Amino acid sequence: MSNMNENANMKETNENMQRKKWTKAFGLTAAFGFVFASGVYAQDAIQKVEAYLRPDYQIVLNGKPVNLQHSTLIYDGSSYLPLKEIGTLFGATVNWRGETNTIYINSRLSDLQPETSDNVQYPEVTMMGAYGMVLDYLGAKTWVLQMYAGSSEKYYRLDDVKRMGVMTDGLSKVRDKYTGWLFVSEKELKKTWKATPKTSYDPSWTHPYMSTESDPNKLDAMEKYVKLWSNFQIGNQYYSVSPIVIDPLPDKTDEYRMLASVNGHYYFFELKLTKSSLFEDDYLVSTANTYNLETGKQEDPYSPPR
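About the criteria used
- Residues numbered from 1 in each chain as written.
- Predicted model: local features only at pLDDT ≥ 70, side-chain atom pairs only at ≥ 80, totals over all residues.
- Heavy atoms only, no water.
- Helix = DSSP H or I, 4+ residues; strand = E, 2+ residues; numbered from the N terminus.
- Buried < 20%, exposed > 50% of the residue type's maximum accessible area, 1.4 Å probe, protein only.
- Contact = heavy atoms within 4.5 Å.
- Areas by Shrake-Rupley, 256 points an atom, 1.4 Å probe, with all protein chains shown as cover.
- Pairing = 2+ DSSP bridges.
- Axes fitted to C-alpha atoms, helices over the stretch in contact; angles between N-to-C directions.
- Expected span 1.5 Å × (residues − 1).
- Polar contact = N/O pair within 3.5 Å; in protein donor to acceptor, adjacent residues only side chain to side chain.
- Core = buried A, V, L, I, M, F, W, Y, C linked by side-chain atoms within 4.5 Å.
- Salt bridge = Lys/Arg side-chain N within 4 Å of Asp/Glu carboxyl O.

Novice: Account for the overall build of the protein, naming residues and giving values.
Specialist: Scanning the protein from terminus to terminus reveals five helices and 21 strands. Considering the protein as a whole, with its 306 residues, one finds that 37% of them fall into the buried category. If you take every contact in the protein between residues at least 6 apart in sequence, the share linking residues at least 24 apart comes to 48%. Surface summary for the protein: the accessible area is close to 19,100 Å², and the carbon and sulfur share equals 50%.

So this is what it looks like as structure tokens:
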């Protein structure tokens, strides 16, 4: 028995010279590259383990070596790889929800890209009752433009659905008459989504029409712009401007397109942000062009009625 213990101790000593000991009270989560929300956890939910990092391990994916930011972890004779990095390599998304201590692994990742053909003919619908919502889908929150089109059927803007990660190949789509945007009905989406999205009522979400912008200073500037022009009077004419969505223009810096209803008529506003010369983090918002989507012409929505 003494010789067996000595051999075991010598083996452990040799292994310790070749690999770095890694002990973490929260188990294996740090090696997975997740950022966990701080909080108080039940003592019996934490298990202290002894594991080893192996930076000398090489990972080959489909015949090609890949470099991971985090090293392979060896625990109890098994190899553990950083889940978020591996998921990305396999075209999946990994989301962590701290409030429920849940990891979501979603193998459906749909890149946001245009349709494969510009000649596809889609049924035309007329936008009615459009509004933006943040939806919680498989652990991720995404801003989505929804609308009705003369019926009780709800439609989702295609680009937003793709950002959610829902596969839309083979689903029937419609094109809005005024914006030209493609939409998918909720009935169609139920064929492919893996869970029913839930509306997210996040109190920090104070910009219900901003689709993807996240810079707080730019969001504040847009908020001030919208409030300034929401209701006003020119002469005897009153104007009510209701923004529906403000999207960043692709391949542009600080340029946006706002879809808004002006006295019940749809307009596109091309907006530009400019850094303030007086305050470091402030932006000024200016209107470059406006388009009446119902006439298809560039025109001022605030011009006197003729």
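Novice: Let's hear about the sheet that holds strand E16 (residues 231-234): which residues, and what values?
Specialist: By definition, the strands of a sheet pair up through backbone hydrogen bonds, in either a parallel or an antiparallel sense. An order of E16-E17-E18-E19-E20-E21 is seen for the six strands of this open sheet, with the pairing classed as antiparallel. At either end of the open sheet lies a strand with only one pairing partner, and these are E16 and strand E21 (297-298). Where strand E19 (residues 265-275) meets strand E20 (residues 283-292), nine bridges bridge the pair, whose relative direction is antiparallel. Among the inter-strand pairings, Tyr-267 is bridged to a residue of E20, identified as Asn-292. Of the strands in this sheet, strand E17 (237-248), strand E18 (255-262), E19 and E20 are in contact with helix H5 (residues 216-228), which crosses E20 at around 55 degrees.

Novice: How would you summarise H5 if you had to cite specific residues and measurements?
Specialist: End to end, H5 covers 18 Å across 13 residues, agreeing with the expected 18 Å (1.5 Å per residue, within 8%). What H5 keeps buried is the set Lys-218, Leu-219, Ala-221, Met-222, Glu-223, Tyr-225 and Val-226. Sitting at the head of H5, Asp-215 places a side-chain oxygen 2.9 Å from the backbone nitrogen of Asn-217.

Novice: Tell me about the nonpolar core, and please be specific about residues and values.
Specialist: Counting residues in hydrophobic clusters, the biggest one holds 21 residues, and the most contacted among them are Ile-246 and Phe-269. Looking at this core, the elements with two or more residues in it are H5, E17, E18 and E19. Here this core gets five residues from one element, more than from any other, and that element is H5. In contact with Phe-269, other than residues within four places in its own chain, are Tyr-225, Tyr-256, Arg-257, Met-258, Ala-260, Val-262, Thr-287, Asn-289, Thr-290, Pro-301 and Tyr-302. Counting residues in each nonpolar core, the second largest holds 18 residues, with Tyr-155, Leu-259, Tyr-266 and Phe-268 among its members.

Novice: Describe the environment of Asp-300, and please don't skip the residues or the numbers.
Specialist: For Asp-300, the position within the fold is in the segment after E21. Sequence separation between Asp-300 and Thr-290 is 10 residues, and the spatial gap between their C-alpha atoms is 6.1 Å.

Novice: Tell me about the pairing of strand E5 (residues 72-75), and please be specific about residues and values.
Specialist: Where strand E2 (residues 49-54) and E5 come together, three bridges link them in antiparallel fashion. Each residue of the ladder has a partner; that of Arg-54, found in E5, is Thr-72.

Novice: Any details on the pattern of salt bridges? Residues and values, ideally.
Specialist: Tallied over the entire structure, the rule returns eight salt bridges. Measuring nitrogen to oxygen at the nearest pair gives 2.8 Å for the salt bridge that ties Asp-160 to Arg-157. Residue Asp-160 shares its accessibility class with Arg-157, and that shared class is buried. One salt bridge in this structure joins Lys-218 and Asp-254, with 2.6 Å as the shortest N-O distance. Taken as a pair, Lys-218 in helix H5 and Asp-254 in the loop between E17 and E18 lie far apart in primary sequence, 36 residues in all. Taking the relative accessible area as the measure of exposure, Lys-218 reaches 15% and is therefore buried. Connected via shared salt-bridge partners are Arg-157, Asp-160, Arg-163 and Asp-247.

Don't take any of this as a statement about function, it's just geometry.
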